[in-house]
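Here are the chains, one letter per residue:
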Amino acid sequence: MTPRDILVTNALPYANGPIHLGHLLGYIQADIWVRFLRMQGHTVHYVCADDAHGTGIMLSAEKAGITPEQLIEGVRVEHHRDFKDFLVDFDIYYSTHSEENRELSAYVYQRLQQADAIATRSITQLFDPERELFLSDRFIKGQCPKCKAENQYGDNCEVCASTYAATDLINPRSTISGATPVPKDSVHYFFKLPQFTAMLKDWTRSGTLAPSVANKLAEWLDGGLQEWDISRDAPYFGFEIPDAPGKYFYVWLDAPIGYMASFKKLCSEKGLDFGAYWNEGTTTELWHFIGKDIINFHALFWPAMLTTAGFRKPTSISVNGFLTVNGQKMSKSRGTFIMAATYKEHLNPEYLRYYFASKLGSNPDDLDLNLEDFTLRVNADLVGKLVNIASRCAGFINRSFANKLSPLVAEADLISNFQQHANEIAEHYNNREYGKAMRLIMKLADDANAWIAEKQPWVLAKAQPQSEAVQNICSTGLNLFRLLVIYLKPVLPALAAQVETFLQVAPLRWQDSTTVLRDHTIGVFTPLMTRVDPDKIAAIMEASKSSLGASEEVAVIDSPLVREPIAAEIEFPDFAKVDMRVVKIQHAEHVAGADKLLKLTLDLGLGTDGKPVLRTVFSGIKSAYEPEQLIGQLAVMVANLKARKMKFGMSEGMILAAGDGKEIFLMAPHAGAHPGTRVT
RNA sequence: GGCAAUGUAGCUCAGUCGGUUAGAGCACAGCAUUCAUAAUGCUGGUGUCGGUGGUUCGAAUCCACCCAUUGCUACCA
């Protein structure tokens, strides 16, 4: 096996909130890979850092009344602790707000400039005049220009899904100050991405990416790349662009460079060769583990930047999907938005590592953490199957044979069969097909238990406790267990460490799967892992509800008035144009083929001819009312509204109702009002 | 709206270069066992493989359309 030299990075979490279970999926995936390769004897450097720049951090710090530097250092320590708790074994956990990153970002930028890959031009953006800062789309809300839905973000409408520019919003307002944003021009710096289209098309199809990821990128590549805006105006927490006072690098410019910076710091600490991992033409490997939400940054912008700046491109990018809990998006109200720290308080992190591993493949599919399935699977596989093998064999060895394994094994074929699977399992790990590896390992655990059940050492021990056969069988069982633990060590490093102590062996490496313990003295067995207590799961969900539900409420005030602010002022004559009348609903019926409409016949009272004036109105109130309950009721209609042809007929007016789209309430006069009376 | 991914037993997932009665683990039922953290073994039923139509001697697997879920739609973080 040729030794590999690999630099592995994990996506940089944003230094603006705690690590949750969704984050952990990607980190645990990468960590398992790193641990596996290290066990095989390869050289792996594993780096990460906090992503510490941007408007979000600036505003959070302000809100907390501290400096951004204070905020990000506090969060960094917390993040690093969470990762350690989940046994994610980084060589360094740094920050993008570092001197190394400032220098590297400036360097890369200057190389881009020299290569004529930077353009500048003035663009118009919305500006918060109160706070004096430019507003990105997520900080602007207003009415959708297409469907008129209220309270939509500046980039797209969640109701009608149309996309638009923030400047197109009706009645836009800053979510930071509430002020009405004004358009303002400013010079921005752009990375000329389109000139790399051909290179990227080749690179994305060169085997560095999973096919489904390459397909995703093809959407952008075929649709035509745009120049990428890499500057932000002050005030902005980040690095100022060299020779451009008041202009800062956009956080996503310096975030991936943070991988380099973090590694550079590690190099200076450990005397490693930075260039051996980053220079063009190097033979070492560079792997990025990321979530599928940031594919474009890593597989489009980043390789283009690296190439232009004279660095190597990534060997591969491994993409993971999102985590769902109980089949749904993580939700604060359901208690499934679980923080790493909350989980850690109640449950063993290795349970989660195993569960993720058992369901992870190399593809970027979403992964569901079904808490009931989690409990059953962990208990059955780890406690019932795996640990049980040691538990049922160790007693005999401890009690009757002075902790000594026999010089012989009872079933050499079985052991050798276990050993022969090492390569296949290794292949699965290497390909990040952990689910396949776990299935295979658990199949072997089943075989081990079945074999012990067949040999019945307890029956032999009853007749003759000191029987050599008993020692051989149990020694074989413990050897099988040892092999399984070697195979599981990348996933369960803490369990493996306990087993190393129990078996009194040096830290297990992959190569150790070729050997067998004979004539070897072990320690006394103590329970290695306990079952998942369902009460703990309930406690986690309860804690997740209370800790997060509350803080969330404070941040966002939700009321009809907030969702839909009062419209622009009008004069009385404008109001007087609307002629509203009391009506009696003479008849109401369902409309065949209509999802939302009811057909109403409204009685306006007697007309000049002495006959009742009747109007037909189609009203979208089907979801809230049954026709029968409406008949005979009083209501209010707009009587002078121009008739409108609808799919199901003419609608001659509108009936007044209050509603937010979900609930609907008809307006009704108090009892005694007469049909035809004007409402003013 | 466009694009993409996903949709296989109660649950979580394998499985498709088209080919015998569609698989695993868990759950469930019965039996056995009691060395082991009530752990283990054996046996057993379970599915219109999202829907409709097509190609084919033959389709979970290929094609078309549709439905559902999720995501993306880069000058958001």
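The structure presented is a predicted model; accordingly, all values stated were derived computationally and were not measured. (Residues numbered from 1 in each chain as written. Chains lettered and ligands numbered in written order. Predicted model: local features only at pLDDT ≥ 70, side-chain atom pairs only at ≥ 80, totals over all residues. Heavy atoms only, no water.)

Participant: What is the right way to read the protein's contact with RNA strand B from this model?
Facilitator: In the vicinity of RNA strand B, 51 residues are found, and the nearest of them are Y14, Y250, K359, V387 and S391. A breakdown of the atoms of RNA strand B within 4 Å of the protein gives sugar and phosphate a share of 73%. At 2.3 Å, a side-chain N or O of K359 approaches a sugar or linking oxygen of RNA strand B. One nitrogen or oxygen atom from the side chain of N388 is found 2.9 Å from a sugar or linking oxygen belonging to RNA strand B. Where the surface near RNA strand B is concerned, the elements lending two or more residues are α6 (211-223), α9 (295-309), α12 (371-400), α15 (434-455) and α16 (457-463). No other element matches the 12 residues that α12 contributes to the surface near RNA strand B. For the surface near RNA strand B, the class distribution of residues is 21 nonpolar, 10 polar and 20 charged. (Near = heavy atom within 4 Å. Polar contact = N/O pair within 3.5 Å; in protein donor to acceptor, adjacent residues only side chain to side chain. Helix = DSSP H or I, 4+ residues; strand = E, 2+ residues; numbered from the N terminus. Nonpolar A, V, L, I, M, F, W, Y, C, P; charged D, E, K, R; others polar.)

Participant: How do you make sense of the sheet that holds strand β17 (residues 367-369) when you look at a structure like this?
Facilitator: Strand pairing in a sheet relies on backbone hydrogen bonds, with the paired strands running either antiparallel or parallel. Pairing is mixed across the open sheet formed by 3 strands, whose spatial order is β16-β15-β17. Of all strands in the sheet, those bounded by a partner on one side alone are β16 (328-329) and β17. Relative to β17, strand β15 (residues 323-325) is paired through 3 bridges, and the arrangement is parallel. For V325, the partnering residue across the bridge sits in β17 and is L369. (Pairing = 2+ DSSP bridges.)

Participant: Please clarify how the confidence of the model for chain A should be interpreted in this entry.
Facilitator: Should the pLDDT be low somewhere, the predicted coordinates at that spot are not to be read in detail. Taken over all residues, the pLDDT of chain A has a mean of 87, while the share at 70 or more is 93%. Below pLDDT 50 for its whole length, residues 549-558 participates in 5 contacts with residues either more than four positions away or in separate chains. (pLDDT = per-residue confidence, 0-100. Contact = heavy atoms within 4.5 Å.)

Participant: Would you mind showing me how to read the pairing of strand β21 (residues 634-638) here?
Facilitator: Residues in a regular strand point their side chains to alternate faces of the sheet. Extensive coverage of β21 is indicated by the burial of 5 of its 5 residues. Alternating positions in β21 separate into two faces, L634, V636 and V638 on one and A635 and M637 on the other, with burial throughout. Relative to β21, strand β18 (residues 580-590) is paired through 5 bridges, and the arrangement is antiparallel. In the sheet register, V583 faces β21, and the bridge partner there is A635. (Buried < 20%, exposed > 50% of the residue type's maximum accessible area, 1.4 Å probe, protein only.)

Participant: What is the right way to read helix α11 (residues 349-359) from this model?
Facilitator: Since there are 3.6 residues in each turn of an α-helix, residues three or four apart along the chain are aligned in direction. Of all the 11 residues making up α11, 10 are buried; the element is thus mostly covered by neighbouring parts of the structure. Residues P349, E350, Y351, L352, R353, Y354, Y355, F356, A357 and S358 constitute the buried set of α11. Residue N348 occupies the N-cap position of α11, its side-chain oxygen lying 2.9 Å from the main-chain nitrogen of E350.

Participant: What am I meant to see in helix α2 (residues 55-64) here?
Facilitator: Taken as a whole, α2 has its buried residues at T55, I57, M58, L59 and A61. Where α2 is buried, its residues contact α3 (68-85) and β5 (133-134). Looking one or two residues past α2, G65 carries a phi angle of roughly 70 degrees, positive in sign.

Participant: Sorry if this is basic, but what is going on with the packing of helix α1 (residues 21-39) against α11 here?
Facilitator: Two quantities define a packed helix pair, namely the angle between the axes and the distance from one axis to the other. Between α1 and α11, the shortest axis-to-axis distance is 10 Å and the interhelical angle comes to 80 degrees. Taken together, α1 and α11 sit at an angle that is classed as roughly perpendicular. For the pair α1 and α11, the contacting residues are L21, L24, L25, I28, D31, I32 and R35 in the first and L352, R353, F356 and A357 in the second. Class assignment for the residues of the contact of α1 with α11 results in 8 nonpolar, no polar and 3 charged. (Axes fitted to C-alpha atoms, helices over the stretch in contact; angles between N-to-C directions. Parallel < 35°, antiparallel > 145°, perpendicular 65-115°, else oblique.)

Participant: Even after reading the chapter, I still don't get unusual backbone geometry, so can you show me in this structure?
Facilitator: Peptide bonds are trans in most cases, and residues, glycine excluded, mostly fall at negative phi. The omega torsion across A234 and P235 is 0 degrees, close enough to zero to call that bond cis. Following the sequence through the fold, P235 ends up in the loop between β11 (231-233) and β12 (247-249). Despite not being glycine, D243 has its phi angle at roughly 65 degrees, a positive value. Relative to the helices and strands, D243 resides in the loop between β11 and β12. Judged by its relative accessible area of 74%, D243 falls in the exposed class. Phi is positive for N403, close to 65 degrees, though the residue is something other than glycine.

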